[in-house]
Amino acid sequence: MGSSFFVSADQPNGAFWPFSTGQLVGTITRLWPGSAVGDGRDGVLEMDIPLDDRTLAFDWDIAHQVLRFPDQDPLAEPARLVHRLLREVAPDVPAVWWTEDDATLEPIDLSPDPGIFIRGFVG
């Protein structure tokens, strides 16, 4: 606990997200009505996304196109949200994740089964 998770397209291998920041925000507010999204003036878009009985915090680094969320318990909930979001905006883009503590890029499985994706984060 206390670290952050990062998710991006697999940029070292030439992958890039096919969506704009505006499209990302539009998808988030459509999938999770009531989401609060900051203005991103400082280059980071802060998002509070309601999921079930809690609100999850995410940041979007606009310049680097990286999604960040804090390590939290249970981790399955933000992982489920990320899976659904990426399946919506970039289902065919090779993506990776890493933590603040370990910058090893791990591939993301965006198969239709969110359980496979979630297990990649929670072990």
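**As for the packing of aromatic side chains**
- Taken as a whole and assessed by the stated rule, the structure comprises 6 aromatic pairs.
- Ring centres of Phe-19 and Trp-60 lie 5.8 Å apart, and the angle between their planes is 40 degrees; this geometry places the pair in the tilted category. Taken together, the residues Phe-19 in the loop between strand S1 (4-9) and helix H1 (21-31) and Trp-60 in strand S4 (residues 54-61) connect sequence positions 41 residues apart. With respect to burial, Phe-19 and Trp-60 carry one shared label: buried.

**Topic: the sheet that holds strand S6 (residues 95-99)**
- On the basis of which strands lie adjacent, the open sheet formed by 7 strands has the order S2-S3-S4-S5-S1-S6-S7 and antiparallel pairing. With one partner strand each, in any of the chains shown, strand S2 (36-37) and strand S7 (106-107) form the two edges of the open sheet.
- Helix H2 (residues 76-89) contacts S1, strand S3 (44-51), S4 and strand S5 (66-70) of the sheet and is inclined by roughly 55 degrees relative to S4.

**Here we look at empty space enclosed by the protein**
- Scanning the entire structure with this criterion turns up 1 cavity of 30 Å³ or more.
- Approximately 50 Å³ is the volume found for the largest cavity.
- If you trace the largest cavity, you find it lined by Val-7, Trp-17, Phe-19, Leu-24, Trp-60, Leu-67, Leu-85, Leu-86 and Val-89.
- Per element, the largest residue contribution to the lining of the largest cavity is 3 residues, and it comes from H2.
- Considered class by class, the residues forming the lining of the largest cavity number 9 nonpolar, no polar and no charged.

**Let's talk about the layout of surface pockets**
- The calculated volume of the largest pocket comes to roughly 190 Å³.
- Elements that contribute at least two residues to the lining of the largest pocket include exactly S1, S4, S5 and S6.

**A short note on a negative patch on the surface**
- Side chains of Glu-100, Asp-101, Asp-102 and Glu-106 sit close together on the surface and give a patch of like negative charge.
- Relative to the helices and strands, Asp-101 is located in the loop between S6 and S7.
- Look at Asp-101 and you get exposed, because its relative accessible area is 66%.

**Examining the packing of H2 against helix H3 (residues 114-122)**
- Viewed as axis vectors pointing N to C, H2 and H3 meet at an angle of 130 degrees, and their least axial separation amounts to 9 Å. Classified by the angle between their axes, H2 and H3 sit oblique to one another. Here H2 runs over H3; the crossing is right-handed. Across the interface between the two elements, Ala-76, Ala-79, Arg-80, Val-82 and His-83 of H2 pack against Pro-114, Phe-117, Ile-118, Phe-121 and Val-122 of H3.
- Grouping the amino acids of the contact of H2 with H3 by side-chain chemistry returns 8 nonpolar, 1 polar and 1 charged.

Calculation criteria
- Residues numbered from 1 in each chain as written.
- Predicted model: local features only at pLDDT ≥ 70, side-chain atom pairs only at ≥ 80, totals over all residues.
- Heavy atoms only, no water.
- Phe/Tyr/Trp six-rings, centres within 6.5 Å; stacked < 30°, edge-to-face > 60°.
- Helix = DSSP H or I, 4+ residues; strand = E, 2+ residues; numbered from the N terminus.
- Buried < 20%, exposed > 50% of the residue type's maximum accessible area, 1.4 Å probe, protein only.
- Pairing = 2+ DSSP bridges.
- Contact = heavy atoms within 4.5 Å.
- Axes fitted to C-alpha atoms, helices over the stretch in contact; angles between N-to-C directions.
- 1 Å grid on protein atoms, 1.4 Å probe; cavity = no way out; pocket = protein on both sides within 12 Å on 5 of 7 lines; lining within 4 Å.
- Points joined across faces, edges and corners; volume = space filled by probe spheres on them.
- Nonpolar A, V, L, I, M, F, W, Y, C, P; charged D, E, K, R; others polar.
- Patch = residues over 30% accessible without salt bridge, like charges linked within 9 Å, V, L, I, M, F, W, Y side chains within 5 Å.
- Areas by Shrake-Rupley, 256 points an atom, 1.4 Å probe, with all protein chains shown as cover.
- Salt bridge = Lys/Arg side-chain N within 4 Å of Asp/Glu carboxyl O.
- Lys, Arg positive; Asp, Glu negative; His and termini not counted.
- Charge placed at Lys NZ, Arg CZ, Asp CG, Glu CD.
- Parallel < 35°, antiparallel > 145°, perpendicular 65-115°, else oblique.
- Left-handed = near helix turned anticlockwise from the far one by under 90°.

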